[in-house]
Amino acid sequence: MGRGDGKPEEMPDVKFMREALREARRAYREDEVPVGAVVVKDGQVIARAHNRPLHLHNPAAHAEILALGRAARKLGNYRLGGCTLYVTIEPCVMCVGAIVQARVRRLVMGAEDPKAGACGSALSVLNDAKLNHRVEVERGILTEDCSGILRDFFRQRRRKNRPV
C-alpha cells in the first residue's frame with residue numbers, strides 16, 4: 001500500500017531501524033561510538049537513545065540500556081513485554097542481560113559485532129537454554145548503513161590519533 005506519493009510504504013523494521021540510525025548519528029556527532037537504539041510498542045516509538053558512556057562517565061550507558069530504561073519509565077514497569085528493541089549493532093553481554101531482564105519480545109539488529117556481540121557472533125548468550133526468557137531475533141536490517149557509520153567513525157578516529 002502506498003503513501004499517496006507513488007512510493008511504497010517502508011517496512012516497519014526498516015522504518016524503525018532508520019530511527020535507530022538517527023540516534024547513532026547523534027552519538028557520532030558527540031564523538032561517542034555511533035550506536036543507536038529505539039524501543040517500539042504497538043507500532044510507536046516509546047523510547048530512543050544513543051551511546052553516552054563518555055559523556056555520562058558511565059560504562060553502562062550503552063544505547064540499549066538507556067533506551068530500555070526510558071521505555072520502562074514511560075510504561076511504569078521494567079518489564080517491556082510486547083516491545084521490540086531496534087539497535088544498530090548486535091548487543092553485548094551487558095545489554096543482552098538487560099534485554100532478557102526487561103522481557104523484550106523482539107530484538108531487531110543491524111550490524112553484527114564479531115568482537116563483542118552476544119547474540120551469536122562472538123558469544124551466544126541471548127536465548128541460551130538456561131535463561132528463562134526467549135527473544136525473537138531479526139538480523140541484518142540496514143546492515144550496510146549500520147556497519148558503515150561504525151567504519152567511518154573508527155576510520156576518522158584512527159586518522160585523528162595518527163602522529164603527524
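Residues numbered from 1 in each chain as written. Predicted model: local features only at pLDDT ≥ 70, side-chain atom pairs only at ≥ 80, totals over all residues. Heavy atoms only, no water.

A volume near 540 Å³ is recorded for the largest pocket. Of all the secondary structure elements, the ones that give two or more residues to the lining of the largest pocket are α2 (53-56) and α5 (143-161). For the lining of the largest pocket, the element with the highest residue contribution is α5, accounting for 7 residues. Split into classes, the residues belonging to the lining of the largest pocket amount to 12 nonpolar, 3 polar and 10 charged. (1 Å grid on protein atoms, 1.4 Å probe; cavity = no way out; pocket = protein on both sides within 12 Å on 5 of 7 lines; lining within 4 Å. Points joined across faces, edges and corners; volume = space filled by probe spheres on them. Helix = DSSP H or I, 4+ residues; strand = E, 2+ residues; numbered from the N terminus. Nonpolar A, V, L, I, M, F, W, Y, C, P; charged D, E, K, R; others polar.)

Before going further, it helps to examine the nonpolar core. Ranked by internal contacts, the top residues of the largest apolar core, which has 44 residues, are Val 39 and Leu 107. Contributing elements (two or more residues each) for this core: α1 (12-29), β1 (36-41), β2 (44-50), α3 (63-75), β3 (83-89), α4 (93-102), β4 (106-111) and α5. Looking at which element gives the most residues to this core, the answer is α3, with 6 residues. Those residues in contact with Leu 107 that lie beyond four places of it in its chain are Leu 85, Val 87, Pro 91, Ile 99, Cys 119, Leu 126, Val 135, Glu 136, Val 137 and Glu 138. (Core = buried A, V, L, I, M, F, W, Y, C linked by side-chain atoms within 4.5 Å. Buried < 20%, exposed > 50% of the residue type's maximum accessible area, 1.4 Å probe, protein only. Contact = heavy atoms within 4.5 Å.)

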